[in-house]
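# Fold and geometry: a report
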Amino acid sequence: DMFIKLLKECGDDGWDMGHITHTLTNRRYMEKVVAYAESHDQAIVGDKTLAFWLMDAEMYTGMSLYTSPTPSMCVDRGLALHKMIRLLVLGLGGEGYLNFMGNEFG
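Residues numbered from 1 in each chain as written. Predicted model: local features only at pLDDT ≥ 70, side-chain atom pairs only at ≥ 80, totals over all residues. Heavy atoms only, no water.

### Examining the overall build of the protein
The secondary structure content of the protein amounts to 5 helices and 2 strands. Ordering the α and β elements of the protein from the N terminus gives α-α-β-α-α-α-β. For the protein, with 106 residues in total, the buried portion stands at 25%. Taking the contacts inside the protein whose residues are at least 6 apart along the sequence as the reference set, 59% of them involve residues at least 24 apart. (Helix = DSSP H or I, 4+ residues; strand = E, 2+ residues; numbered from the N terminus. Buried < 20%, exposed > 50% of the residue type's maximum accessible area, 1.4 Å probe, protein only. Contact = heavy atoms within 4.5 Å.)

See below:
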């Protein structure tokens, strides 16, 4: 939710790393926390997911090199930011990391 709020309020070049670090590590001493970053196309909270905030409709139309021989800058930027967000959440988020696996895996 913090990253979605950041995407709504300011561009990625205006993110305050001190604020992000503080938010991800701010918990009671010895409190066990499981962190996650949404990465599929259905949000838990009813809003657009993180991937949709980063890439929006390009997530469906701009990912194929068969339909467009030139890579989509929106998808490249979105994937790069999503990877950095997942790395931050994995490293600072707590004692566990929740990885989402869609229903396409049965």
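### Here we look at the packing of aromatic side chains
One pass over the structure, following the stated rule, counts 1 aromatic pair. Ring centres of F3 and W15 lie 5.9 Å apart, and the angle between their planes is 55°; this geometry places the pair in the tilted category. Remark: W15 occurs in the loop between α1 (2–9) and α2 (17–25) and F3 occurs in helix α1; sequence separation between them is 12 residues. On the basis of relative accessible area, F3 is assigned to the buried category, the value being 7%. (Phe/Tyr/Trp six-rings, centres within 6.5 Å; stacked < 30°, edge-to-face > 60°.)

### Side note on the environment of R27
Position of R27 among the secondary structure elements: in the loop between α2 and β1 (34–35). Along the sequence, R27 and G94 sit 67 residues apart, while their C-alpha atoms lie 9.1 Å from each other. Leave out the neighbours within four places in its chain, and R27 touches V33, L92, G93, G94 and E95. Among the polar contacts made by the side chain of R27, one reaches the main-chain carbonyl oxygen of L24 at a distance of 2.7 Å. (Polar contact = N/O pair within 3.5 Å; in protein donor to acceptor, adjacent residues only side chain to side chain.)

### Points about a nonpolar patch on the surface
Judged by side-chain polarity, V34, Y36 and L98 come together as a nonpolar surface patch covering roughly 270 Å² of accessible area. Its location among the elements puts V34 in strand β1. On the accessibility criterion, V34 (56% relative accessible area) is exposed. (Patch = residues over 30% accessible without salt bridge, like charges linked within 9 Å, V, L, I, M, F, W, Y side chains within 5 Å. Areas by Shrake-Rupley, 256 points an atom, 1.4 Å probe, with all protein chains shown as cover. Salt bridge = Lys/Arg side-chain N within 4 Å of Asp/Glu carboxyl O.)

### Digging into the confidence of the model for the protein
On average, residues of the protein score 81 in pLDDT, and 86% of them are at 70 or above. Mean pLDDT per element in the protein: helix α4 (residues 58–61) is the minimum at 80, and α2 is the maximum at 92. (pLDDT = per-residue confidence, 0-100.)

### Focus on the side chain of S72
Considering the arrangement of structural elements, one finds S72 in the loop between α4 and α5 (73–92). A polar contact is formed between the side chain of S72 and the side chain of E58, at a distance of 2.7 Å. Once residues lying within four places of it in the same chain are set aside, the contact partners of S72 are E58 and G62.

### Details of α5
In this model α5 runs 28 Å from its N-terminal to its C-terminal C-alpha over 20 residues, within 8% of the 28 Å that 1.5 Å per residue would give. In this structure, the buried side of α5 is in contact with α1, α2, β1, α3 (50–55), α4 and β2 (96–97). (Expected span 1.5 Å × (residues − 1).)

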